[in-house]
Amino acid sequence: MKTKKILVFVSLIFLLGAVIFPQNIAKGAESGSDIVIDGYFDDWEGFPEQEITYGNNNKESNHGGNIYSDGDYLYVHVAMDEDYGSYMQTHSFYLTVNGTRYNLMIGAVDDNGQLDYGNTYNVYRPEGIHQQFKVYILAQGQNPYVNETESEVALCIYDASHQSGTKGDEIEFKVSMKDICRIYNIEEDAIQTISIGNPNIGGEMLIMSGTSSGPYVAAGLGFVVAAASLVLVLRANKKRKMMAS
C-alpha cells in the first residue's frame, strides 16, 4: 500500500511537470513579443536585470541592463544611473557572439532611412523619445564592413542637461537574429553566448547564454530528474521486499 502511494505521488509530480513546464516555457518564449520598442520601458519588468558599474565624477554609477532573445530578435535595454552626468554614447556598443566581437553602432538615419554619420556622433539631443535610428554591426575585416540590420531603437532622454540626481538616458532596441547569424557566419543553434557592452558605460557586459531554446533544455532536465526519482523508488521498494523475504 505504501509503495502504491509513493508511486502515485511521484507520478503526480511528473504529470504536473508535464503540464506546468511547457506553459512556463511558452510564456518565456513569447514574452519577447510583448516588448515594444517605443521608449516606454515597463514591459521589461520581470526580466533579470544585470548591473553595469562605472566610476565617474568621483562617484560610482550603477547602470541597469537586460538582454533577451526570443529566437527571432535579440532585445537589449540599458538604463543609465542618475549620477552618470552625461549623454549615453550610443554609437560605442559592441556585440560579442561566441567570442567574436564586432562594434555595434546605434546609427541615426535620415528621412530616407540612410545612415547619417553626422547625427550618429552628435550625442547632444533634446529631451524626449528618439526613434530615428537603426542598428549597424561593423564587422572588422569583412566586406561589407558596415552592416545594416533589421532593427528598432528607442532612446529616451529625460534631462538634456544631465544634472546629477536626475534620471539618466535610457535605451531599448531589438536586432534580427537572422542578421546576427549572417554577419557572424554562425548557425543560431550553435550560439553559446551573446554579450553586449559599451566601454563608455562600464566594464561589465550584458551576457546571455544560448538562445530561446535554453528553457526547453532546462525543462527536459526536470523530466529526467522526475523519471530518475521514479526508478530509484522502484528499486528501493524491490530491495526492501527481497530483504523481508
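Residues numbered from 1 in each chain as written. Predicted model: local features only at pLDDT ≥ 70, side-chain atom pairs only at ≥ 80, totals over all residues. Heavy atoms only, no water.

Caption draft 1: Broad picture of the overall build of the protein chain. From N to C terminus, the protein chain includes four helices and 12 strands. Expressed as a percentage of its 245 residues, the buried residues of the protein chain come to 43%. For the protein chain, long-range pairs separated by at least 24 residues make up 62% of all intrachain contacts whose partners lie at least 6 apart in sequence. Surface summary for the protein chain: the accessible area is close to 13,600 Å², and the carbon and sulfur share equals 54%. (Helix = DSSP H or I, 4+ residues; strand = E, 2+ residues; numbered from the N terminus. Buried < 20%, exposed > 50% of the residue type's maximum accessible area, 1.4 Å probe, protein only. Contact = heavy atoms within 4.5 Å. Areas by Shrake-Rupley, 256 points an atom, 1.4 Å probe, with all protein chains shown as cover.)

Caption draft 2: Local environment of the sheet that holds strand β12 (residues 202-209). Spatially, β8-β7-β5-β4-β11-β12 is the arrangement adopted by the six strands of the open sheet, whose pairing is antiparallel. Bordering the open sheet on either side are β8 (146-148) and β12, each of which pairs with just one other strand. Taking each pair of neighbouring strands and ignoring which way they run, the sheet shows an average axis angle of 30 degrees. The pairing of strand β5 (residues 100-108) with strand β7 (residues 133-138) spans six bridges and is classified as antiparallel. Bridging across to β7, Ala108 finds its partner in Phe133. Here helix α3 (residues 177-184) sits on the sheet and contacts β4 (93-97), β5, β7, β8 and β11 (193-198); the angle it forms with β4, its principal contact strand, is near 75 degrees. (Pairing = 2+ DSSP bridges. Axes fitted to C-alpha atoms, helices over the stretch in contact; angles between N-to-C directions.)

Caption draft 3: Main features of the side chain of Asn66. Structurally, Asn66 can be placed in strand β2 (residues 59-69). Classification of Asn66 as buried rests on a relative accessible area of 4%. There is a polar contact of 3.4 Å between the side chain of Asn66 and the backbone oxygen of Phe47. Within the structure, the side chain of Asn66 is placed 3.1 Å from the backbone oxygen of Pro48, a separation counted as a polar contact. In contact with Asn66, not counting residues within four places along its chain, are Trp44, Phe47, Pro48, Glu49, Tyr75, Val76, His77 and Leu206. (Polar contact = N/O pair within 3.5 Å; in protein donor to acceptor, adjacent residues only side chain to side chain.)

Caption draft 4: Here's a closer look at the pattern of salt bridges. Taken as a whole and judged by the stated rule, the model has four salt bridges. Put simply, Arg182 and Asp179 hold a salt bridge, and the shortest N to O gap is 3.3 Å. In this pair, Arg182 and Asp179 are both assigned in helix α3, three residues apart and thus about one turn of the helix distant. Note on Arg182: relative accessible area 47%, which makes it partly exposed. (Salt bridge = Lys/Arg side-chain N within 4 Å of Asp/Glu carboxyl O.)

Caption draft 5: Local environment of α3. Counting buried positions over the eight residues of α3 gives six, a clear majority of the element. The set of residues buried in α3 consists of Met177, Asp179, Ile180, Cys181, Ile183 and Tyr184. Measuring from the backbone nitrogen of Lys178 back to the side-chain oxygen at the start of α3 gives 3.2 Å, which picks out Ser176 as the cap.

Caption draft 6: Quick peek at the nonpolar core. Membership of the largest hydrophobic core comes to 39 residues, with the highest contact counts inside it found for Leu95 and Phe173. Ranked by the residues each element gives to this core, the list is headed by α3, at five residues. By size, the runner-up hydrophobic cluster in this structure holds 10 residues, among which are Ile37, Phe41, Tyr75 and Ala154. (Core = buried A, V, L, I, M, F, W, Y, C linked by side-chain atoms within 4.5 Å.)

Caption draft 7: Spotlight on the confidence of the model for the protein chain. Averaged over all residues, the pLDDT of the protein chain equals 78, while 70% of them reach at least 70. Confidence, expressed as mean pLDDT per element, reaches its minimum in the protein chain at helix α4 (residues 214-244) with 39 and its maximum at β7 with 98. Below a pLDDT of 50 lies the segment residues 6-32, which in the model reaches 27 contacts outside its immediate sequence neighbourhood of four places, other chains included. Across residues 213-245 the pLDDT falls below 50, and counting only partners more than four positions away or on other chains, this stretch makes 18 contacts in the model. (pLDDT = per-residue confidence, 0-100.)

Caption draft 8: Inspection of empty space enclosed by the protein at higher detail. Enumeration according to the criterion identifies two cavities of 30 Å³ or more in this entry. Taken as a whole, the largest cavity spans an internal volume of roughly 60 Å³. Contributing to the lining of the largest cavity are Ile52, Val76, Val78, Phe93, Ile196, Gly197, Asn198, Ile201, Gly202, Glu204 and Leu206. Those elements that provide at least two residues to the lining of the largest cavity are β3 (73-79), β11 and β12. Here the residues of the lining of the largest cavity are counted per class, giving seven nonpolar, three polar and one charged. (1 Å grid on protein atoms, 1.4 Å probe; cavity = no way out; pocket = protein on both sides within 12 Å on 5 of 7 lines; lining within 4 Å. Points joined across faces, edges and corners; volume = space filled by probe spheres on them. Nonpolar A, V, L, I, M, F, W, Y, C, P; charged D, E, K, R; others polar.)

Caption draft 9: Up close: the pairing of strand β10 (residues 170-176). Burial analysis of β10 places seven of its seven residues in the buried class, the great majority of the element. Side chains of β10 alternate between two faces, with Glu170, Glu172, Lys174 and Ser176 and Ile171, Phe173 and Val175 buried alike. With seven bridges connecting them, β3 and β10 associate as antiparallel partners. Paired with Ala79 across the bridge in β10 is Glu170. Alignment of strand β9 (residues 151-157) against β10, held across six bridges, turns out to be antiparallel. Of the residues in β10, the one forming a bridge with Glu152 is Lys174.

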